[in-house]
Number of protein chains: 2
Amino acid sequence: MQDVIDRAGEPLKLTVDAGVGEQAALTDLCMQVMRVYSVSDDETHLTDMTEAFLRTLPHLDVQRHGDTLVARTNLGRDRRVVLAGHLDVVPVIDNFPPKLLEPGDPLILPGVAEAHPGERVVWGRGATDMKSSDAVLLYLAATLTNPKYDLTYVFYDHEEVAAEKNGLRKVAEAHPDWIAGDFAIIGEPTSCGIEGGCNGTIRFDVVTHGIAAHSARAWMGHNAIHDAAEILRRLNEHTDATVSVDGLVYREGLNATLISGGKGTNVIPDECRVHVNYRFAPDKSLAEAKALMMGADCGAELGNGEHQATGGVFEGFGIEMKDESPSARPGMDSELTRSLAALAKARTGKDPEAKLGWTDVARFSQLGVPAVNFGAGSPLLAHKHDEQVAEGELTLMAGILRDWLS
Amino acid sequence: MQDVIDRAGEPLKLTVDAGVGEQAALTDLCMQVMRVYSVSDDETHLTDMTEAFLRTLPHLDVQRHGDTLVARTNLGRDRRVVLAGHLDVVPVIDNFPPKLLEPGDPLILPGVAEAHPGERVVWGRGATDMKSSDAVLLYLAATLTNPKYDLTYVFYDHEEVAAEKNGLRKVAEAHPDWIAGDFAIIGEPTSCGIEGGCNGTIRFDVVTHGIAAHSARAWMGHNAIHDAAEILRRLNEHTDATVSVDGLVYREGLNATLISGGKGTNVIPDECRVHVNYRFAPDKSLAEAKALMMGADCGAELGNGEHQATGGVFEGFGIEMKDESPSARPGMDSELTRSLAALAKARTGKDPEAKLGWTDVARFSQLGVPAVNFGAGSPLLAHKHDEQVAEGELTLMAGILRDWLS
């Protein structure tokens, strides 16, 4: 991909221009970060530049594991807050290099222009997910030298691809002490609102087995696709729950996302697979969610093949586990969460909301660290061709964090 | 495929050795035909040799279209019988070159040995489907110089692949007069019984449409796979008919043979396709069969995209036609059919049976020519690795045809 990318405009290093005022400095830093191509698997160059930037800051202790950077203050505060952002982006779609749009530019979406009249807009890959938040965190790393809590900045790789490559996961396994803390903020786009916790997700195949035969002599076989009717019937019969956890409302979902079966147009199919995705609220553990689908003692685990469901929605069918990620409680009972949420509400008018998609807050939750998503830009623009963020979002996010941390 | 095939043993030309007796001559001719490699798309060499053989016979008028040969007597008889065999075979599976097995050889299947004790067995690709019948027809072409009816021998290419390549279809379209007649026999393996007519077959996709969305926000989409539950329910509810036509019993079948849907593991699917195969008895025309599935005025035809079913089993769903082949009535009301069936029954004890799989008899049926399958070898061994035929089947088939035609 990068072979056809115009990287001529990439900066040689990241810098914060302290003499131009906060808005101009933040917008400029955001444009610098966005000008460095960093689609997943190709983020090493941006990691190198970020590392060099952090190492110029004497109040931070910097460590690196693969392409993940951890930079910590060691001020002896009684509590520590983790601030994390991923440096990779999804593949570009004619949206690299980035553009800094003047007010009135036709590329500015109406919703963005209405919410931020008269502001310049940063446009291009990563504008919302999540180089604007990365820029704010780098700006704070450089300028917030005497925070109320000790701070741990994490800049990581491979968030937008398979979990096995995720840099935060690797550090959590190899050096859990590096990212220990009392509270964590991940800069995923939330339009500077607080999105707490997240639904968990499991994916598995529900399998039927038949006996192959020529379709001219169908009675000599047994049709596995026909047997899948009962799987789909149970999916249609299921009612998705809406669950309130710590005052936030999580909406569940149980869906077939893929289906496949059959070996040929004239062959009675001997297998049918329905790939099911269950998004479950944080009132349930992973084990509880699996029990609801396949029974508590089904025995299906990642990589151990097919097991018969002993209970739950798919009782009696074959189950093969494909993916599992736990839910995360929103941690609204933590004083740090409540104070940040109150400040964000005062500045934006937004009440905390439940996060529905799975995010890396669940990794912190697994480590016992309450975590929320809080970042610049609209989540609805993430991964879009016309990803963009008004520059006012950068100062809004930076202001909330600086005031909360000072 | 042919690059790794040992073709060193191929004969230079086909010959009938009149001095060794009928059994030895037939077995030898069958081995000659089988020694010439002729997997579909590679049958030209065997066609050339067959053409050269037929052109040595002064009582036959030989014509060629592509790789299909038509050789006719012109004796002024009041009726004409067509005798047809395809020269191509399905791909080899370590079963070329052929072998002539002596009694007791462990490669001889128990069922073959029991039915033909003490006989030699021709083993290898095409033994039953259908080079043994080809050899019998070539033997008759050479030796039956004064038949009761005028005869038309057809040796054709590309029977084992897509219908668009089928040599008999091409001749039926380009030169229907070449294959005109009062009755047709196709030498597909029937263990020398009469198999009459055939079920028709249609294949089509039944389609549901949804709205894609991220599976974490499933309520923003609509799940097309879940909607396919009703398609599968109707398939399960359907009862396959058993239909008697001209005294032969045809068993129908309605089956999903393929199913597919979904774009990704985390995406609510916007389409699901159920590929359905309806095998219908010869009491129904193609149009009647389609009406039972999708309504008489659905409008779905091959290549014209998706149309909504206006009635029938799949009323209300999208339909896209994929394949259609008419049924063929068995023609048991024809005097020629009845007399051949009576002779075959006297020699083999077998009553005429319905043909369930679709065969080229339907092409003759479309031309108004009653047609049956009648050939050497077991249909259950066709396409198998251990395809084989006892040499007694060759003389049995040759004897029935010669006596019926003399």
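Residues numbered from 1 in each chain as written. Chains lettered and ligands numbered in written order. Predicted model: local features only at pLDDT ≥ 70, side-chain atom pairs only at ≥ 80, totals over all residues. Heavy atoms only, no water.

What follows is about the domain arrangement of chain A. Residues and elements named next belong to chain A. Looking at chain A, the domain boundaries give domain 1 (2-197 + 328-405) and domain 2 (200-325). Computed from C-alpha atoms alone, the centre-to-centre distance between domain 1 and domain 2 is 37 Å. Our count for the domain 1 to domain 2 interface comes out at one salt bridge. One salt bridge in this structure joins Asp 246 and Arg 329, with 3.3 Å as the shortest N-O distance. Viewed at the interface, domain 2 and domain 1 are joined by two residue pairs in polar contact (both at pLDDT 80 or more). Here the residues of the side of domain 1 that touches domain 2 sort into seven nonpolar, four polar and four charged. (Domains from an automatic or database assignment. Salt bridge = Lys/Arg side-chain N within 4 Å of Asp/Glu carboxyl O. Polar contact = N/O pair within 3.5 Å; in protein donor to acceptor, adjacent residues only side chain to side chain. Nonpolar A, V, L, I, M, F, W, Y, C, P; charged D, E, K, R; others polar.)

Before going further, it helps to examine the sheet that holds strand β1 (residues 61-65) of chain B. Residue and element names in this part refer to chain B. One open sheet accounts for eight strands, arranged β1-β2-β6-β3-β7-β17-β8-β16; its pairing is mixed. This sheet does not close on itself; its edge strands, each paired only once, are β1 and β16 (353-354). The pairing of strand β2 (residues 68-72) with strand β6 (residues 150-156) spans four bridges and is antiparallel. Directly across from Arg 72, in β6, lies its bridge partner Thr 152. Helix α4 (residues 127-143) contacts β3 (80-86) and β6 of the sheet and is inclined by roughly 140° relative to β3. (Pairing = 2+ DSSP bridges. Helix = DSSP H or I, 4+ residues; strand = E, 2+ residues; numbered from the N terminus. Contact = heavy atoms within 4.5 Å. Axes fitted to C-alpha atoms, helices over the stretch in contact; angles between N-to-C directions.)

Residue and element names in this part refer to chain B. With respect to the secondary-structure elements, Glu 43 resides in the loop between α1 (22-35) and α2 (44-55). An unpaired buried charge is present at Glu 43: no salt bridge exists, and Lys 165, the closest side chain of opposite charge, is 8.0 Å distant. Within the structure, the side chain of Glu 43 is placed 2.7 Å from the backbone nitrogen of Asp 41, a separation counted as a polar contact. Residues in contact with Glu 43, not counting those within four places in the same chain, are Ser 38, Asp 67, Asp 88, Asp 157 and His 158. (Buried < 20%, exposed > 50% of the residue type's maximum accessible area, 1.4 Å probe, protein only. Lys, Arg positive; Asp, Glu negative; His and termini not counted.)

A word on the sheet that holds strand β4 (residues 99-101) of chain A. All names here are of chain A. Ordered in space as β4-β5-β18, the three strands form an open sheet in which the pairing is antiparallel. Pairing within the sheet leaves two strands with one partner each, and these edge strands are β4 and β18 (388-390). Strand-to-strand twist of the sheet, defined as the mean angle between neighbouring strand axes without regard to direction, takes the value 20°. Pairing of β4 with strand β5 (residues 121-123), which is carried by three bridges, proceeds in the antiparallel orientation.

Turning our attention to the packing of α1(B) against α4(B). All names here are of chain B. One way to put it is that α1 packs onto α4 with a least axis distance of 9 Å and a crossing angle of 125°. The orientation of α1 relative to α4 falls into the category oblique. Between α1 and α4 the crossing geometry is right-handed. Only Ala 127, Lys 131, Ser 132, Ala 135, Val 136, Leu 138 and Tyr 139 of α4 make contact with α1, whose side of the interface consists of Glu 22, Ala 25, Leu 26, Leu 29, Cys 30, Val 33 and Met 34. (Parallel < 35°, antiparallel > 145°, perpendicular 65-115°, else oblique. Left-handed = near helix turned anticlockwise from the far one by under 90°.)

UniProt marks residues 200-293 of chain A with the feature "domain: Peptidase M20 dimerisation" (unreviewed entry), using the numbering shown here. For residues 200-293 of chain A, the helix share is 22%, the strand share is 39%, and the end-to-end C-alpha distance is 14 Å. (UniProt positions renumbered as here; feature names shortened; annotations may be inferred.)

Turning our attention to α2(B). Residues and elements named next belong to chain B. Taking 1.5 Å of rise per residue, the 12 residues of α2 would be expected to cover 16 Å, and the 16 Å separating its terminal C-alpha atoms lies within 8% of that figure. Taken together, the buried positions of α2 are occupied by Leu 46, Thr 47, Met 49, Thr 50, Glu 51, Phe 53 and Leu 54. Buried residues in α2 make contact with α1, β1, β2, α4 and β6. (Expected span 1.5 Å × (residues − 1).)

Laying chain B over chain A is done by rotating through 180° and shifting 0.2 Å along the axis; what remains is an RMSD of 0.1 Å. One copy is carried onto the other by what is essentially a two-fold rotation axis. Closest approach to the rotation axis among the C-alpha atoms of chain B is made by Ser260(B), whose C-alpha sits 2.3 Å away. Here 100% of the interface residues in chain B have copies in chain A that are interface residues too; the copies meet face to matching face. (Least-squares fit on C-alpha atoms with pLDDT ≥ 70 in both.)

Here we take up the interface of chain B and chain A. Every contact between the two is made by 40 residues of chain B and, on the other side, 40 residues of chain A. Where chain B touches chain A, the interface holds 18 residue pairs in polar contact (both at pLDDT 80 or more). Elements supplying a minimum of two residues to the side of chain B that touches chain A: α6 (224-227), α7 (229-237), β12 (253-261) and β13 (271-280) of chain B. Here the element with the most residues in the side of chain B that touches chain A is β12(B); it accounts for eight residues. Its residues assigned to classes, the side of chain B that touches chain A comprises 17 nonpolar, 16 polar and seven charged.

Here the focus is the pattern of salt bridges. Inspection of the entire model under this criterion finds 56 salt bridges over all chains. Asp283(B) is paired through a salt bridge with Lys284(B); the nearest N and O atoms lie 3.1 Å apart. In this structure Asp283(B) comes out as partly exposed when scored by relative accessible area, which is 37%. Among the ionic pairs, Asp360(B) bridges to Arg363(B), the shortest N-O distance being 2.4 Å. Comparing Asp360(B) with Arg363(B), the two get one shared label, buried. Taken together, the salt bridges that share partners define one network made up of Asp48(A), Glu51(A), Arg55(A), Arg64(A) and Asp67(A).

Looking now at the pairing of β1(B). All names here are of chain B. Judged from the five bridges that link them, β1 and β2 form a sheet pairing that is antiparallel. In the strand pairing of β2, Asp 61 is matched with Arg 72. Counted along the chain from β1 to the antiparallel partner β2, the turn is two residues long, and its residue Gly 66 has a positive phi close to 60°.

On to the environment of Phe155(B). Residues and elements named next belong to chain B. Looking at the secondary structure, you find Phe 155 in strand β6. Under the relative-accessibility criterion, Phe 155 is labelled buried at 0%. As for Phe 155 and Gly 66, which are separated by 89 residues in sequence, their C-alpha atoms are 11 Å apart. Here Phe 155 is in contact with Thr 50, Leu 54, Asp 67, Thr 68, Leu 69, Gly 85, Leu 87, Asp 134, Leu 137 and Leu 138, once residues within four sequence places are set aside.

So, about the environment of Gly349(A). Residues and elements named next belong to chain A. Its location among the elements puts Gly 349 in the loop between α9 (335-348) and β16 (353-354). Taking relative accessible area as the criterion, Gly 349 reaches 51% and is therefore assigned exposed. Measuring from C-alpha to C-alpha, the distance between Gly 349 and Gly 193 comes to 8.5 Å, with 156 residues separating the pair along the chain.

Between Asp129(A) and the following residue, Met130(A), the backbone shows a cis peptide bond with an omega angle of -10°. Positionally, Met130(A) belongs in helix α4 (residues 127-143). The residue after Phe96(B), namely Pro97(B), is reached through a cis peptide bond having omega 0°. Residue placement: Pro97(B) occurs in the loop between β3 and β4 (99-101). With a phi close to 55°, Asp94(A) is a non-glycine residue in the positive phi region. Position of Asp94(A) among the secondary structure elements: in the loop between β3 (80-86) and β4. At Asp41(B), a position not held by glycine, the phi torsion is positive, near 85°.

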